[in-house]
Amino acid sequence: MEGLRILKTEAKEDKYEELMELAKRRGFFWQSFEIYGGVSGFYDLGPLGTLMKRSIIDLWLKYFVLRHMDLVTIIETPVINPAKVFKASGHLESFTDPIVRCEKCGGIFRADKLIEEKLKIRAEGKKPEELTQIIKENDLRCPSCGGPLGEVRTFNLLFKTTIGPYEGNTGYLRPETAQGMFISFKRVHTVMRNRLPLGIAQIGRVARNEISPRQGMIRLREFTIAEMEFFFDPEKPGQPPFERISGGIKSKLNILRAEDRLEGVEKPSQYTIEEAIEEGIVVSPWMAYWMAVSRDFVKELGLSEEETFFEEKLPEERAHYATQTFDQLVKVSRWGWVEVSGHAYRGDYDLSRHQKYSGQDLTVFRRYEKPIKKKLKKVRINKAIIGRELGSDAVKVIGALRAMSPEEVEKLLETPEEFIEVEGRRIPKDAVKVVVQEEVVHGEKVIPHVVEPSFGVERLVFVALDKAYTKEGDRVVLRLPPRIAPIKVVVFPLVTNDEEIVRIAREIYERFLEAGIAALYDTSGAIGRRYYRADEIGVPYAITIDHRSKEDHTVTIRYRDTREQIRISISDVISWVTEKVR
RNA sequence: GCGGCGGUCGUCUAGCCUGGUCUAGGACGCCGGCCUUCCAAGCCGGAGGUCCCGGGUUCAAAUCCCGGCCGCCGCACCA
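Rules used in this analysis
Residues numbered from 1 in each chain as written. Chains lettered and ligands numbered in written order. Predicted model: local features only at pLDDT ≥ 70, side-chain atom pairs only at ≥ 80, totals over all residues. Heavy atoms only, no water. Helix = DSSP H or I, 4+ residues; strand = E, 2+ residues; numbered from the N terminus. Buried < 20%, exposed > 50% of the residue type's maximum accessible area, 1.4 Å probe, protein only. Contact = heavy atoms within 4.5 Å. Phe/Tyr/Trp six-rings, centres within 6.5 Å; stacked < 30°, edge-to-face > 60°. Lys NZ or Arg CZ within 6 Å of the ring centre and 35° of its normal. Patch = residues over 30% accessible without salt bridge, like charges linked within 9 Å, V, L, I, M, F, W, Y side chains within 5 Å. Areas by Shrake-Rupley, 256 points an atom, 1.4 Å probe, with all protein chains shown as cover. Salt bridge = Lys/Arg side-chain N within 4 Å of Asp/Glu carboxyl O.

Chemist: Can you lay out unusual backbone geometry for me, pointing to particular residues and giving the numbers?
Modeler: Each neighbour pair has its own omega, and for leucine 196 with proline 197 the value is 0°, a cis peptide bond. Structurally, proline 197 can be placed in the loop between helix 9 (185-191) and strand 10 (198-207). Non-glycine residue phenylalanine 33 carries a positive phi angle of around 60°. Secondary-structure assignment places phenylalanine 33 in the loop between strand 1 (29-31) and strand 2 (43-45). Judged by its relative accessible area of 45%, phenylalanine 33 falls in the partly exposed class. Backbone geometry places asparagine 194, a non-glycine residue, at a positive phi of 60°.

Printed below as a string of structure tokens:
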């Protein structure tokens, strides 16, 4: 991670402290359980943070679901899952890290990694006791101080609970929403009239028992994920609707490839989506497509194209289910590049595993373009003849004949005799025939492949705030894009000792509320102070009612970012703002 | 988990080293009133503090000691 460290120092201006102070003071977010001293890895969203998060989720829905209603649908599934689910998904196995602690310096190490590195033997998947023994037998020491190592113990990142009053009935909180989509895939696929390709989206809370979460809102133990499992036929994936993304298939993605990273390259290169697909940089056209959608989506949060890129993960960095993974990184002031979304090619891993563990058929039917005619040999048994000849033994003999393949029966029939012998009984040759039959096959069963774009929503909130936070001298302005601003508009009477001005202001404010626009009404202090207050929480538009409003029924609209003002008829104000923030 | 630094009204902070003068001071913000002025910080008044938590030392603890929690930085960890 040498690269990351270098990039980290690049981010000079550290507005983190100021931003966190603002977030707390004005009510975007703060650490949870404050009155009990706080618990790391948990954050409350305040009034403004909650509204902002909802706006971001709406925007995500617009990009990933509503704009793709012909391809994508959305569901909600439980946070608590029975143990079976994560046995099947591999999380119970792979989400558990064996760790060992140095008794001298207290350093913590992945036990299996340590053994593999030092002894060059495979240690993955071994039990903690076995690992402890290997360490003892080979006298492995602490790699940083040389001290003795303790017992190997496991650490599982899944939160455990009990379902109902039965102790043995273990449940876990989901670490991703994905399993819900896999488990309900068949049902949704049916509901969607067997559509394929088919995206199933879900926005929901997940929990990961991180060892030591830091970095505030960036690494949480409980957070919201917005993700989609996009299912398609690997042989006939279909054509993604590239015309729906900004710039189409010729538009560019910033990608840092794994092979380049291994050679020490730290800067991403630009590839057109077409190139990325044709040159196999991204293994699936659909994966490239959703990466492009993600690029467009993140841009709407206020980040420029230079401030986001896709980093391909190295094999050892990938999750157990993925064959190719890209992280979408975004530049923030304090930590440099931060992951906001993951793009994994999950293949048929999840559906295959659930098919195996549940015993249910999770395949879809791939219809051939033209039905295929197949010539098949079949055994024809004349039960009447056998019945007449053998009486009560007939059932046994017929059963035996059925169990034989056509080829075996053909062999029996090769005898020169007039009869054949089955189960010790003779039956006439003409009771059994092998015929060649033509059958029409319309298709076959296949397990779809899956690509998954997955966003951490709280990170998006933080990243957007971090980007939006700017200062003009001492003046703080949150330059949030209007669509994700928690408060869309604020209404000010220029003065409060003029009844008519106040009345008009009040009336306009009421109309905003009626229209469902998040609006504020502020009369406290001088007008300049009120503008400042609004700028600080990112309200993009301020409506001021002044003396002229009484005469010509116009008001001013002030733009947050430029402080410019335009005059507009009162009758147009609501629709003007609505248009801008939708 | 380890090491370093830190935790005082809503926010930022003074005080801590050198225990008592702290009934914990200030600024901003907030609330009420005055003023009415288009880019915050005019006037008057007010509310607001478990000095992170627990224990110890002491006649006396925001202040010293121990343990814990939380935050930041570094190391480790981050399917």
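What follows continues from the structure just given.
Chemist: So what's going on with the side chain of histidine 68? Which residues, and what values?
Modeler: The topology assignment puts histidine 68 in the loop between helix 3 (47-64) and strand 3 (72-74). You can call histidine 68 buried: its relative accessible area is 1%. Among residues more than four places away in sequence, those in contact with histidine 68 are Tyr63, Pro241, Arg244, Tyr289, Trp290 and Val293.

Chemist: A description of the packing of aromatic side chains should follow, citing residues and the corresponding values.
Modeler: As enumerated under the stated definition, the model contains 24 aromatic pairs in all. Pairing phenylalanine 33 with phenylalanine 42 gives two aromatic rings, centres 5.9 Å apart and planes at 70°, and the pair type is edge-to-face. Considering the side-chain rings of tryptophan 60 and phenylalanine 64, the 4.9 Å spacing of their centres and the 20° angle between planes classify their relative orientation as stacked. Placement of both tryptophan 60 and phenylalanine 64 in helix 3 is noted, with a separation of four residues, approximately one turn of the helix. An aromatic cluster is present here, built from Trp60, Tyr63, Phe64, Phe230, Phe242, Trp286, Tyr289, Trp290, Phe297 and Phe455 joined pairwise through their rings. Across from the ring centre of tyrosine 521, 4.7 Å away, lies the NZ or CZ of arginine 506, which sits over that ring. Directly above the ring of tyrosine 531 sits arginine 558, whose terminal nitrogen or CZ lies 4.4 Å from the centroid.

Chemist: Go over a nonpolar patch on the surface, please, and point to the residues and values.
Modeler: Residues Phe33, Ile35, Tyr36 and Val39 make up a contiguous nonpolar surface patch of roughly 510 Å² in combined accessible area. Along the chain, the position of isoleucine 35 falls in the loop between strand 1 and strand 2. Residue class for isoleucine 35 comes out exposed when judged on its relative accessible area of 77%.

Chemist: Explain the pattern of salt bridges residue by residue, including any values.
Modeler: A complete count under the given rule lists 38 salt bridges for this structure. Glutamate 444 is the salt-bridge partner of arginine 366, the closest N and O atoms lying 3.2 Å from each other. Here arginine 366, found in strand 17 (residues 364-381), pairs with glutamate 444, found in strand 20 (residues 432-446); they are 78 residues apart in sequence, far enough to count as distant. Judged by relative accessible area, which is 8%, arginine 366 ranks as buried. Residues glutamate 510 and arginine 506 are paired through a salt bridge, measuring 3.5 Å at the closest nitrogen-oxygen approach. Of this pair, glutamate 510 and arginine 506 both sit in helix 18 (residues 499-514), separated by four residues, roughly a single helical turn. A network of salt bridges, in which partner residues are shared, links Glu472, Arg479, Arg560, Asp561 and Arg563.

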